[in-house]
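Here are the chains, one letter per residue:
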Amino acid sequence: MTTLDGARILVFGASGGLGGPVVEQLANAGARLTVSGRSVESEHHTVNADLTLPDSARSVIAEAVEHHGGLDGIVIAAGVVAFGPVTEVDDDTVDELLLLNYLAPLRVLREALTTLGQGGFVLNISAVVADKPMPNMGAYSASKAAVTALLKSVRTEARKSKIRIVDVRPPHTETGLATRPIAGQAPKLPQGLTPEAVAARIVAAIVDDETDVGADQFS
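Residues numbered from 1 in each chain as written. Predicted model: local features only at pLDDT ≥ 70, side-chain atom pairs only at ≥ 80, totals over all residues. Heavy atoms only, no water.

Here we look at the pairing of strand S1 (residues 8-12)
Moving on, step 1. Counting buried residues in S1 gives four out of five residues, a clear majority hidden from the surface.
Moving on, step 2. Pairing between S1 and strand S2 (residues 32-37): five bridges, direction parallel. Bridge pairing in S2 links Leu10 to Thr34.
Moving on, step 3. In this fold, S1 hands off to helix H1 (residues 19-28), which returns the chain to S2; that crossover is right-handed.
Moving on, step 4. Direction of pairing for S1 relative to strand S4 (residues 73-76): parallel, over a ladder of four bridges. Across the sheet, the residue bridging to Leu10 is Ile74, located in S4. (Buried < 20%, exposed > 50% of the residue type's maximum accessible area, 1.4 Å probe, protein only. Helix = DSSP H or I, 4+ residues; strand = E, 2+ residues; numbered from the N terminus. Pairing = 2+ DSSP bridges. Right-handed = clockwise from strand over helix to strand, strands pointing away.)

Take a look at the structure:
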């Protein structure tokens, strides 16, 4: 079991519809936080950064380590979505999806594995489409499936250093992300879970030392 009271945790994407509730619940549990996003205003230690830039992950982690004297965990809640059939999704859209949904977590992981101590964790918030790709969401689904493959591989690599790699793939959640796609228009979606409920499940996964939380493990 992981104790959150006093834990030093960095949250990327802290201003998002899911990142915000995760930050709130971690803080309520006593965690000492650094929060990061493109434009974040917070009572917690804040490092604004754009994860699409190559050096952002390294610099944010370095600032968090300096501020707290180390880190016990990292949560990646940043991401973008795009809709449309593959015939209509242009290369720039695919590039942006892969850059933020796949390459940014890779950069965070690369830095985290040389920064976190034994017993630390990295948790990435993905989506159900990693397991169940949806029509008219092919490029987005592929970016999420790519990061799931990455996390599964890195989980094995990280065993020696005893760093826990957590892949969380919640079902559709009412974060508002679907109303802000980088391309296309969202199809009609069923009512999603509340961000607060999903955040609670994510925090429980941290506390209970879980590593793989699929959509079927949410209610």
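Picking up after the structure, the text goes on.
Overview of H1
Moving on, step 1. Taken residue by residue, H1 has Gly19, Pro21, Val22, Val23 and Leu26 as its buried positions.
Moving on, step 2. Buried-residue contacts for H1 involve S1, S2, S4, strand S5 (121-125) and helix H5 (195-207).
Moving on, step 3. Backbone geometry just downstream of H1 places Gly30 in the positive-phi region, at approximately 100 degrees. (Contact = heavy atoms within 4.5 Å.)

Considering the sheet that holds S5
Moving on, step 1. Read from one edge of the open sheet, seven strands run S3-S2-S1-S4-S5-S6-S7, paired in parallel fashion. Each end of this open sheet is capped by a strand with a single partner; those strands are strand S3 (45-48) and strand S7 (212-213).
Moving on, step 2. The pairing of S4 with S5 spans four bridges and is classified as parallel. Directly across from Gly73, in S5, lies its bridge partner Phe121.
Moving on, step 3. Where helix H2 (residues 56-68) meets the sheet, it contacts S1, S2, S3 and S4, and its direction lies at approximately 155 degrees from that of S1. (Axes fitted to C-alpha atoms, helices over the stretch in contact; angles between N-to-C directions.)

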